[in-house]
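If you want the building blocks of each chain, they are given just below.
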Amino acid sequence: MKKTYKIDVDCANCANKMEEAARKTAGVKDATVNFMTLKMSVEFEEGHEPKTVMEQVRKNCKRVEDDCEVYL
Amino acid sequence: MQETIVSVLLAVIVGMAAGLLLWGRNEKSHMTKKQKKMLGRILAAATLLLALQLTPEAAFHTLDALVPGLGYGARLALYLADYLVIGSDILIKAGKGIKNRQIFDESFLMAIATVGAIVLALYEQSGDYTEAIAVMLFYQIGEWFQSYAVGKSRRNISELMDIRPDYANVERNGKLERVDPEEVGAGSVIVVQPGEKVPIDGTVLEGHSTLNTAALTGESLPRDVAAGEEITSGCINMTGVLKIQTSKEFGESTVSKILDLVENASSRKSKSEDFISKFARIYTPVVCIAALALALFPPLVRMLGMGLDGQWDQWIYRALTFLVISCPCALVISIPLSFFAGIGGASNAGVLVKGSNYLETLSQVKIMMFDKTGTLTQGVFEVNGVHHSEMENAKLIEYAALVESSSSHPISKSLRRAYGKEIDRSRVTDVQEISGNGVLAKVDGVPVAAGNDKLMERLGVSYINCHSAGTIIHMAVNGEYAGHIVISDIIKPHAQDAVAALKAAGIRKTVMLTGDRKKVADQVGAALGIDEIYSELLPAGKVEKVEEAMREKPEKAKLAFVGDGINDAPVLRRADIGIAMGAMGSDAAIEAADVVLMDDDPMKIAKAIKISRKCLGIVYQNIVFAIGVKLICLILGALGIANMWLAIFADVGVMILAVLNAIRALFVKKL
């Protein structure tokens with residue numbers, strides 16, 4: 001399953017970091033962050049509830065870039 | 001001298017920040033709250049720094065004379081206050097970064113560099129705190145500019161792609177109601193008034209109007225529609241009220257497919273983008289380690305190896321300069337921005353590119369393969385010529401159209417189209433169709449025969465053979481040969497120019513693949529100047545030819561296939577890059593191709609290539625420029641020629657120039 005979320009982040013490098021952080025989150029198969037459109041699309045692994053995974057993605061993103069937001 | 005330059009510079013910044021703040025009150029500036037707040041801080045910090053810069057040293061000395069140390073302390077406090085005004089958020093961010101183990105974060109680097117510079121100034125008792133504050137100030141100005149420029153181009157590009165309909169009009173109880181297009185089901189009836197966008201694909205039930213398809217195709221060629229015709233969402237209704245029966249849901253309509261495609265396009269990253277994110281990941285740590293080495297090794301070597309004074313302060317200063325240069329922001333921001341602007345500009349010109357990677361591949365295309373029918377030719381049969389006619393050409397076509405008026409064959413349709421007037425069937429009598437030969441009839445009482453050579457032989461009329469490719473209709477009027485009409489698929493008006501434009505753009509080889517007969521294919525190919533022609537191919541044969549060409553070509557030369565997207569899907573997928581044309585309303589094309597030309601003008605192929613080249617050109621310029629300037633600054637910094645001022649100017653300057661250069665990719669109209 002694939003879902004797209006709106007995000008807010010200030011710099012392109014930070015967006016790259018968020019992408020990496022999201023990819024490393026358990027339950028995420030693949031993730032891409034588009035800095036230009038401020039969107040994050042996340043592909044979830046089978047059997048994972050997107051909502052709980054995204055909470056963790058948001059937390060991980062916050063850790064690498066304090067000044068970002070993922071709108072769930 | 002430097003003092004004066006610094007003062008003038010600060011005065012300019014104060015002026016600009018104040019001006020921008022005033023302008024920021026204007027709605028049109030679209031400044032965010034965050035940006036306004038930052039501008040205020042820049043203004044405050046620059047003003048205070050300017051004031052401190054202009055205050056004569058003597059003023060603090062008089063204070064020192066009153067109470068020893070008071071002047072020194074006051075001066076330090078004022079500078080520190082200024083430093084905090086401009087840099088507090090960076091310091092906080094850096095602190096959080098350390099907590100989260102993100103030490104190579106740019107805030108951290110800026111914090112170390114500026115705090116280091118202040119400590120150094122304290123240690124040396126030089127009292128030169130301006131440098132640290134200025135570095136922070138320029139860094140923040142750079143960040144502000146970047147954030148504003150990115151926001152602005154985001155808005156620009158979304159305006160270019162502004163085809164999203166906001167509402168649909170549905171008639172309920174005799175009144176028009178505005179509803180969300182997503183709520184309208186397939187098969188519903190919607191009303192589109194002049195000036196409104198067509199929100200959903202459908203068929204016109206009532207009314208006629210002119211449509212502006214510019215938002216989809218990039219060409220403002222108006223298109224007329226009337227009842228019974230299909231209509232594509234995203235067009236703007238210009239003149240009359242239209243009642244439309246929707247054929248799809250909003251989510252399945254052309255307009256939402258296009259929006260979806262463009263919005264997701266920049267998610268597919270190109271090699272250049274991957275290169276930059278990898279580069280950034282390595283570059284920053286490497287420069288940091290180099291800075292550390294620069295701070296430690298030369299002084300140690302001097303002290304231990306050469307028995308000289310370590311000059312620690314000098315080498316630490318150089319290392320701090322390194323840290324200022326270490327941020328790769330110019331690259332990481334300008335490369336995706338260039339691609340985004342390129343994709344945005346292209347879609348405004350009616351060329352949809354599905355991803356940055358495809359834009360990159362498109363710029364490297366050297367071999368171009370075409371489908372014939374529907375791509376280079378119109379795909380509709382038309383009267384292409386009248387030869388050896390004994391009467392006026394128009395008269396001959398009139399006869400032919402009348403004789404064939406009762407037939408529904410495509411040939412007779414094209415004859416009727418060529419005639420262009422209403423057919424008066426009462427003029428035609430005694431119609432006799434001879435299967436496989438043609439038609440005999442009396443028009444205005446005159447016996448007319450229209451058909452192939454067999455018909456002429458059967459009637460005993462001597463005819464003249466035709467050398468043109470296509471379907472030939474021989475005509476006999478009153479038992480006498482009256483000439484023949486050639487009906488063929490006609491070449492698109494710009495096809496020849498398009499092939500020439502591709503050659504001019506550096507395409508090495510053009511190839512045409514078609515299922516059509518050899519004679520027709522060779523003639524079309526020769527007329528257009530195509531290098532290689534393969535005819536009478538089945539769809540599988542086309543794939544084979546493409547695969548063969550892919551094996552033979554050098555790795556770096558990319559192969560593109562252009563088709564109409566309806567029956568070429570397998571070939572479109574097989575080629576390095578598949579280009580589908582005339583995609584308005586064709587889902588298959590949008591699905592299968594990597595690049596989609598909204599209208600069917602073959603000139604757009606060359607245009608798409610030019611757009612991609614321009615965009616990639618900008619990308620390479622930015623990569624070389626940004627890395628080059630950084631390397632030069634690093635070398636100058638290590639040698640002690642460049643100070644922190646130069647470092648921050650190089651950093652912010654390169655970033656601003658690279659961003660401005662990236663935005664250039666948006667302007668593709670003149671290509």
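Computed from a prediction, not measured in an experiment: that's the story for all the values here.

Peer 1: What is the right way to look at the overall build of chain B in this model?
Peer 2: Secondary structure summary: chain B contains 22 helices and 22 strands in total. Radius of gyration (C-alpha) of chain B: 36 Å, far over the 26 Å computed for a compact globule of 671 residues. Principal axes of the C-alpha set define a box for chain B whose edges measure 125 × 70 × 40 Å. Expressed as a percentage of its 671 residues, the buried residues of chain B come to 52%. Sequence separation of 24 or more characterises 66% of the internal contacts of chain B that already satisfy a separation of 6 or more. Looking at chain B, you have 68 positive and 72 negative side-chain charges, and the mean spots of the two groups are 4 Å apart.

Peer 1: Would you mind going over the overall build of chain A with me for this structure?
Peer 2: A count of helical and extended segments in chain A gives two helices and four strands. Whereas a compact globule of 72 residues would reach a radius of gyration of roughly 11 Å, chain A reaches 11 Å, a difference of no more than 12%. Considering only C-alpha atoms, chain A reaches an extent of 35 × 20 × 20 Å along its principal axes. The proportion of buried residues among the 72 residues of chain A is 54%.

Peer 1: So what exactly am I meant to see when it comes to the sheet that holds strand β2 (residues 175-179) of chain B here?
Peer 2: The pairing of strands in a sheet comes from backbone hydrogen bonds and takes either a parallel or an antiparallel form. All names here are of chain B. Spatial ordering of the open sheet is given by β2-β1-β3-β9-β4-β7, a layout of six strands whose pairing is antiparallel. Among the strands making up the open sheet, the edge pair consists of β2 and β7 (230-231). Examined bridge by bridge, strand β4 (residues 202-206) and β7 share two bridges and lie antiparallel to one another. Bridge pairing links Thr 203 to Glu 230 in β7.

Peer 1: What's the story with the environment of Ala 18 of chain B in this structure? I'm lost.
Peer 2: Relative to the elements of secondary structure, Ala 18 of chain B occurs in helix α1 (residues 2-24). The partly exposed category is assigned to Ala 18 of chain B, whose relative accessible area is 30%.

Peer 1: Looking at this structure, I do not really get the interface of chain B and chain A. What am I missing?
Peer 2: Where the parts come together, the accessible area they lose is often given as the size of the interface. Counting residues at the interface gives 21 residues for chain B, matched by 22 residues for chain A. Taking both sides of the interface into account, the surface hidden between chain B and chain A amounts to around 2,000 Å²; carbon and sulfur atoms contribute 48%. On inspection of chain B and its partner chain A, the count reaches zero salt bridges. Elements represented by at least two residues in the side of chain B that touches chain A include exactly α4 (70-99), α6 (130-160), α9 (271-305) and α11 (329-348) of chain B. Sorting elements by how many residues they give to the side of chain B that touches chain A places α11 of chain B first, with five residues. Its residues placed into classes, the side of chain B that touches chain A shows seven nonpolar, six polar and eight charged.

Peer 1: What is the right way to look at unusual backbone geometry in this model?
Peer 2: Apart from glycine, the bulk of residues carry a negative phi angle, and the bulk of peptide bonds sit in the trans form. All names here are of chain B. Residue Asn 478 is not a glycine yet carries a positive backbone phi of 60°. Among the structural elements, Asn 478 can be located in the loop between β16 (471-477) and β17 (480-491). Accessibility expressed as a relative area gives 54% for Asn 478, which makes it exposed. The backbone phi angle of Glu 536 is positive, close to 50°, even though this residue is not glycine. Examined against the element boundaries, Glu 536 turns out to sit in the loop between β19 (532-534) and α18 (539-552).

Peer 1: Just checking my understanding: could you explain the sheet that holds strand β13 (residues 428-434) of chain B for this structure?
Peer 2: All names here are of chain B. On the basis of which strands lie adjacent, the open sheet formed by six strands has the order β12-β17-β16-β15-β14-β13 and antiparallel pairing. The open sheet has two edge strands, β12 (377-387) and β13, and neither has a second partner. Ignoring strand direction, the axes of neighbouring strands in this sheet form an average angle of 20°. Bridge count for β12 against β17 is seven bridges, and the pairing is antiparallel. Within β17, the residue paired with Gly 385 across the bridge is Val 486.

Peer 1: Any chance you could explain the packing of aromatic side chains here in plain terms?
Peer 2: By convention here, two paired aromatic rings are described through the distance between centres and the angle between planes. Residue and element names in this part refer to chain B. Going through the model one piece at a time under the given rule, you end up with seven aromatic pairs over all chains. Where Trp 144 meets Tyr 148, the ring centres are 5.4 Å apart and the plane angle is 5°; that geometry is what we call stacked. Residue Trp 144 and its partner Tyr 148 are both found in helix α6; the two are separated by four residues, about one turn of the helix. Take Tyr 148: its relative accessible area is 14%, and that puts it in the buried class. Grouped by ring-pair contacts, the aromatic residues Trp 23, Trp 144 and Tyr 148 constitute a single cluster. The positively charged end of Arg 178 is found above the aromatic ring belonging to Tyr 167, 3.9 Å away from the centroid. It is Lys 395 that lies over the ring of Tyr 399; its NZ or CZ is 5.2 Å from the centre.

Peer 1: Could you clarify how one ought to interpret the environment of Leu 455 of chain B in this entry?
Peer 2: All names here are of chain B. Within the element layout of this structure, Leu 455 appears in helix α15 (residues 453-459). Overall, the relative accessible area of 0% leaves Leu 455 in the buried class. For the pair formed by Leu 455 and Ile 434, sequence separation is 21 residues and the distance between their alpha carbons is 8.3 Å. For Leu 455, the contacting residues outside a window of four places in its chain are Ile 434, Asn 437, Gly 438, Val 439, Leu 440, Ala 449 and Ala 450.

Peer 1: What exactly am I supposed to notice about the confidence of the model for chain B here?
Peer 2: In regions of low pLDDT, the predicted coordinates are not meant to be interpreted in detail. Of the residues in chain B, 97% have a pLDDT of 70 or more, and the chain-wide mean is 85. Among the scores for the predicted complex, ipTM is 0.79 and pTM is 0.79.

Analysis parameters
- Residues numbered from 1 in each chain as written.
- Chains lettered and ligands numbered in written order.
- Predicted model: local features only at pLDDT ≥ 70, side-chain atom pairs only at ≥ 80, totals over all residues.
- Heavy atoms only, no water.
- Helix = DSSP H or I, 4+ residues; strand = E, 2+ residues; numbered from the N terminus.
- Rg over C-alpha atoms; globule rule 2.2 N^0.38 Å.
- Buried < 20%, exposed > 50% of the residue type's maximum accessible area, 1.4 Å probe, protein only.
- Contact = heavy atoms within 4.5 Å.
- Lys, Arg positive; Asp, Glu negative; His and termini not counted.
- Charge placed at Lys NZ, Arg CZ, Asp CG, Glu CD.
- Pairing = 2+ DSSP bridges.
- Buried area = accessible area lost by both parts, 1.4 Å probe.
- Salt bridge = Lys/Arg side-chain N within 4 Å of Asp/Glu carboxyl O.
- Nonpolar A, V, L, I, M, F, W, Y, C, P; charged D, E, K, R; others polar.
- Axes fitted to C-alpha atoms, helices over the stretch in contact; angles between N-to-C directions.
- Phe/Tyr/Trp six-rings, centres within 6.5 Å; stacked < 30°, edge-to-face > 60°.
- Lys NZ or Arg CZ within 6 Å of the ring centre and 35° of its normal.
- pLDDT = per-residue confidence, 0-100.

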